[in-house]
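Take a look at the letters that make up each chain.
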Amino acid sequence: MALNSSSPSNWEGNEKISARNISRFYGSTRALADVSFSVADGEFFCVVGPSGCGKTTLLRAIAGLEDVDSGSVVIDGVPVTSPDLNRGMVFQEYALFPWRTVRGNIRFGLDRPSCECPDCETRVQELVDLVGLDGSEDAYPKELSGGMKQRVGIARALAVDPEILLMDEPFASVDARTRDRLHAELLDIWTQTEQTIVFVTHDINEAVTLADRVLIMDDDPGTVQSMVTVDIDRPRQRTAQAFVEYVIQVRDELGTSHSVTEEPLMKDI
Ligand code: ADP
Ligand code: MG
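This structure is a prediction, so every number in the text was calculated from the model and none was measured. (Residues numbered from 1 in each chain as written. Chains lettered and ligands numbered in written order. Predicted model: local features only at pLDDT ≥ 70, side-chain atom pairs only at ≥ 80, totals over all residues. Heavy atoms only, no water.)

Visitor: Got a minute to help me understand the sheet that holds strand β9 (residues 213–218) in this structure?
Guide: Hydrogen bonds between backbone atoms are what pair the strands of a sheet, whose relative direction is either parallel or antiparallel. The strand order across the open sheet built from 6 strands is β6-β7-β8-β3-β9-β10, with neighbouring strands paired in mixed fashion. Among the strands making up the open sheet, the edge pair consists of β6 (87–90) and β10 (223–229). Looking at each pair of strands side by side, their axes are set apart by 20 degrees on average, direction ignored. In the sheet, β9 pairs with β10 via 6 bridges, with the strands oriented antiparallel. (Pairing = 2+ DSSP bridges. Helix = DSSP H or I, 4+ residues; strand = E, 2+ residues; numbered from the N terminus. Axes fitted to C-alpha atoms, helices over the stretch in contact; angles between N-to-C directions.)

Right under this line is the structure:
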């Protein structure tokens, strides 16, 4: 059952994903150093940290796309050893097939990506509707805006109704206004699907807008700095005092030396 609530007590005893002392080296570069945390079933969990601190490595380890050198990622009590349809991934750079239409790209997320049977077509159309792309089903990626491309990426990741959605800075390349719309749409989808979402970002405002909890990573080297529970009802107003206070708290935890980008707090005024 999804939580859709930021009450701290809900995180206990409801574990979906557990990272247990994971470390990952690339040669002599330490990308992750003894990282441990848990994500609750149905939680919207954000990971924030400066460039190079290991966010993508962490997400790929949860996806089963990346081996770890020590420790383990455990999902529903079972260690992750390979990718699984139960974990959908959305990438920053869309990763769409240019020769496939919107419908064709979304269909690729199904477990039978070439199948055009009525059931599969119905599912593709449901996904098109879910992400608000009706009318653009037959367009090719080059005809789409960045926001629309990312909607295709989200629909494709949702195609097999995974229990976990992993998102790596998915909205970093879209303009601020589109990003705000995508935040609202993603929160709607999350409410409907009751998925567990792990969302990586380097944008503090984005993390505080979306997250039940924010994991703050440090790049010295690839370690967990702290965790912040964002106890504000949704939808959240960026100009509200509580919102601003959480942004300041996360920024302080990150430390002023880090070059984490952040939009002006009062940009919505
Ligand atoms: P982030 O997503 O937070 O920017 P990454 O997980 O991409 O960080 O990278 C963490 C560290 O690991 C960085 O120092 C990066 O250069 C290094 N790294 C990541 N992937 C590779 C790779 N395939 N080969 C070598 N080094 C890598
Ligand atoms: Mg990254």
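Visitor: Explain the site of ligand 1 to me, please; I cannot follow it from the model alone.
Guide: Around ligand 1 sit Tyr-26, Thr-29, Ala-31, Pro-50, Ser-51, Gly-52, Cys-53, Gly-54, Lys-55, Thr-56 and Thr-57, and that is every residue in its neighbourhood. Note that an oxygen atom of ligand 1 is positioned 2.9 Å from one of the side-chain N or O atoms of Lys-55. If ligand 1 stood free it would expose 560 Å²; the protein chains cover 58% of that surface. Sorting the residues of the shell around ligand 1 by element identifies β2 (29–40) and α1 (55–63) as the ones contributing at least two each. For the shell around ligand 1, the element with the most residues is α1, which contributes 3 residues. (Near = heavy atom within 4 Å. Polar contact = N/O pair within 3.5 Å; in protein donor to acceptor, adjacent residues only side chain to side chain. Areas by Shrake-Rupley, 256 points an atom, 1.4 Å probe, with all protein chains shown as cover.)

Visitor: Would you explain the domain arrangement of the protein in this entry?
Guide: Taken domain by domain, the protein consists of domain 1 (14–86 + 164–258) and domain 2 (94–161). Relative to domain 2, the C-alpha centre of domain 1 lies at a distance of 25 Å. Domain 1 puts 14 residues into the contact, and the matching count from domain 2 is 13 residues. Approximately 1100 Å² of surface area, both sides summed, lies buried where domain 1 meets domain 2, with 68% of it carried by carbon and sulfur atoms. Together, Leu-85, Leu-165 and Ile-189 form the three largest contributors to the area buried by domain 1 at its contact with domain 2, with a combined 36%. Where domain 1 meets domain 2, there are 1 salt bridge. Glu-185 serves as the salt-bridge partner of Arg-151, at 2.9 Å between the closest nitrogen and oxygen. Here domain 1 and domain 2 share 2 residue pairs in polar contact (both at pLDDT 80 or more) between them. Of all the secondary-structure elements, those providing two or more residues to the side of domain 1 that touches domain 2 are β7 (164–168) and α5 (176–193). With 6 residues, α5 is the single largest residue contributor to the side of domain 1 that touches domain 2. (Domains from an automatic or database assignment. Contact = heavy atoms within 4.5 Å. Buried area = accessible area lost by both parts, 1.4 Å probe. Salt bridge = Lys/Arg side-chain N within 4 Å of Asp/Glu carboxyl O.)

Visitor: Any chance you could explain the sheet that holds strand β1 (residues 15–26) here in plain terms?
Guide: Strand order in the open sheet made by the 4 strands is β2-β1-β4-β5, with antiparallel pairing throughout. Looking at the sheet topology across the chains shown, the edges are occupied by β2 and β5 (78–79). Two elements, β1 and β2, share 8 bridges in a ladder whose sense is antiparallel. Note that in β2 the partner of Phe-25 across the bridge is Arg-30. Where α1 meets the sheet, it contacts β1, β2 and β4 (70–75), and its direction lies at approximately 55 degrees from that of β2.

Visitor: How should I be thinking about the packing of aromatic side chains in this particular structure?
Guide: The geometry of an aromatic ring pair is captured by the separation of the ring centres together with the interplanar angle, meaning the angle of the planes. Inspection of the entire model under this criterion finds 6 aromatic pairs. Between Phe-44 and Trp-190, the aromatic rings sit 5.5 Å apart at their centres with planes inclined by 75 degrees, giving edge-to-face as the arrangement. Remark: Trp-190 occurs in helix α5 and Phe-44 occurs in strand β3 (residues 44–48); sequence separation between them is 146 residues. Of the two residues examined, Phe-44 and Trp-190, each falls in the buried class. (Phe/Tyr/Trp six-rings, centres within 6.5 Å; stacked < 30°, edge-to-face > 60°. Buried < 20%, exposed > 50% of the residue type's maximum accessible area, 1.4 Å probe, protein only.)

Visitor: What's the story with the nonpolar core in this structure? I'm lost.
Guide: The tendency in soluble globular proteins is for nonpolar side chains to be buried side by side. Membership of the largest hydrophobic core comes to 50 residues, with the highest contact counts inside it found for Phe-44, Met-167 and Phe-199. For this core, the domains that each give at least three residues are domain 1 (14–86 + 164–258) and domain 2 (94–161). Those residues in contact with Phe-199, other than ones at most four positions away along the chain, are Phe-44, Phe-45, Cys-46, Val-47, Met-167, Pro-170, Phe-171, Leu-186, Glu-206 and Leu-210. Residues Val-35, Val-47, Leu-59 and Val-80 belong to the second largest nonpolar core, which totals 25 residues. (Core = buried A, V, L, I, M, F, W, Y, C linked by side-chain atoms within 4.5 Å.)

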